[in-house]
Amino acid sequence: MIIGYYPNSPTSQRWQRTTLREYRRIFDHQTAITYLENEVKQSIQGEMSLILTFPAANTTGFYAGVRFLFAEVEGLAKLYWGRENVRRPRYGGRMYSADDAVRFMRRFGVLAPTAGVHYEVFRHGLAHTHMPKFIMKNRRVIGWYLSNVAGIIQFGIFIPQFRDHVISAVDAFIAELRQEQLAGGRNRLNKFLIGYADTATL
């Protein structure tokens with residue numbers, strides 16, 4: 001069983017329990033597009049506006065925006081590549097790995113050209129420890145920077161720019177789905193459903 005997303009439900013219940021077989025019959029490009037627009041993109045815009053707006057920006061926590069955005073990138077990568085978070089995939093996808101998130105970032109220019117290093121330092125560090133990792137290059141420790149208010153030229157993340165990169169990636173993902181729909185294909189849609197079903201499994 002999964003929880004299906006029904007944006008046009010006559011009962012106004014967007015989230016309904018169903019089987020994957022039943023859900024696959026009604027799952028189409030417009031449902032995937034609406035999910036990306038209304039559930040992912042609007043969430044990013046709303047959450048990040050709270051994180052970046054003063055005075056709230058002073059009280060949400062130094063790493064809040066980065067933690068939030070990397071989680072969204074990972075969710076988008078699962079949908080884009082059709083990945084599952086289990087050792088034995090149930091829905092025809094492959095097991096998700098951090099490489100999938102980095103590939104997604106590279107494909108859509110998120111924190112380019114050093115998406116992999118950014119992911120390693122900021123996502124892995126913040127997910128598994130309290131702070132970003134430090135890296136060495138030519139026997140020197142490379143520091144990192146984070147900013148909510150000013151662009152940076154050193155290695156680091158200007159969080160409003162990171163937000164804009166992720167929103168642009170969502171828009172590009174939507175454009176690919178629209179193009180595939182016009183061409184009569186289902187490859188990207190099928191991968192989306194695999195990633196979605198894994199996330200929505202009961």
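Just so we're clear, the structure is a prediction, and the values are computed from it rather than from any experiment.

*Asks:* Whenever I open this one, the layout of surface pockets confuses me. Can you help?
*Replies:* Any space left empty among the atoms is revealed by the rolling of a water-sized probe across them. Approximately 170 Å³ is the volume found for the largest pocket. Mapped onto the lining of the largest pocket, the elements with two or more residues apiece are strand 8 (156-158) and helix 6 (159-183). Here the lining of the largest pocket takes three residues from strand 8, the largest share from any one element. Tallied by class, the residues present in the lining of the largest pocket amount to six nonpolar, seven polar and no charged.

*Asks:* I would appreciate a short explanation of helix 7 (residues 187-200) in the present structure.
*Replies:* Because each turn of an α-helix spans 3.6 residues, side chains separated by three or four positions end up pointing in the same direction. Compared with the 20 Å implied by 1.5 Å per residue over 14 residues, the 20 Å span of helix 7 between its first and last C-alpha is a close match. Along helix 7, 10 of the 14 residues are buried, which leaves the element largely enclosed by surrounding structure.

*Asks:* Explain the environment of Ala150 here, please?
*Replies:* Inspection of the secondary structure puts Ala150 in the loop between strand 7 (145-147) and strand 8. Taking the C-alpha atoms as reference, Ala150 lies 9.9 Å from Gln161; in sequence the two are 11 residues apart.

*Asks:* How do you make sense of the packing of helix 6 against helix 7 when you look at a structure like this?
*Replies:* Angle between the axes and distance between the axes: these two values describe a pair of packed helices. Viewed as axis vectors pointing N to C, helix 6 and helix 7 meet at an angle of 125 degrees, and their least axial separation amounts to 8 Å. One finds that helix 6 runs oblique with respect to helix 7. Contacts between helix 6 and helix 7 involve Phe173, Glu176, Leu177 and Glu180 on the former and, on the latter, Asn187, Arg188, Leu189 and Phe192. In terms of residue class, the contact of helix 6 with helix 7 is built from four nonpolar, one polar and three charged.

*Asks:* Just to check I follow, could you spell out unusual backbone geometry for this structure?
*Replies:* Glycine aside, negative phi is the norm for most residues, and most peptide bonds take the trans geometry. Residue Pro113 follows Ala112 across a cis peptide bond; omega there is 5 degrees. Among the structural elements, Pro113 can be located in the loop between helix 4 (98-107) and helix 5 (115-128). Located in the positive-phi region is Leu111, a residue other than glycine, with phi close to 55 degrees. Within the secondary structure layout, Leu111 lies in the loop between helix 4 and helix 5. With relative accessibility at 7%, the residue Leu111 sits in the buried group. Of note in this structure, Arg139 is not a glycine but carries a positive phi near 65 degrees. Relative to the elements of secondary structure, Arg139 occurs in the loop between strand 5 (135-137) and strand 6 (140-142). Judged by relative accessible area, which is 80%, Arg139 ranks as exposed.

Definitions and limits used
- Residues numbered from 1 in each chain as written.
- Predicted model: local features only at pLDDT ≥ 70, side-chain atom pairs only at ≥ 80, totals over all residues.
- Heavy atoms only, no water.
- 1 Å grid on protein atoms, 1.4 Å probe; cavity = no way out; pocket = protein on both sides within 12 Å on 5 of 7 lines; lining within 4 Å.
- Points joined across faces, edges and corners; volume = space filled by probe spheres on them.
- Helix = DSSP H or I, 4+ residues; strand = E, 2+ residues; numbered from the N terminus.
- Nonpolar A, V, L, I, M, F, W, Y, C, P; charged D, E, K, R; others polar.
- Expected span 1.5 Å × (residues − 1).
- Buried < 20%, exposed > 50% of the residue type's maximum accessible area, 1.4 Å probe, protein only.
- Axes fitted to C-alpha atoms, helices over the stretch in contact; angles between N-to-C directions.
- Parallel < 35°, antiparallel > 145°, perpendicular 65-115°, else oblique.
- Contact = heavy atoms within 4.5 Å.

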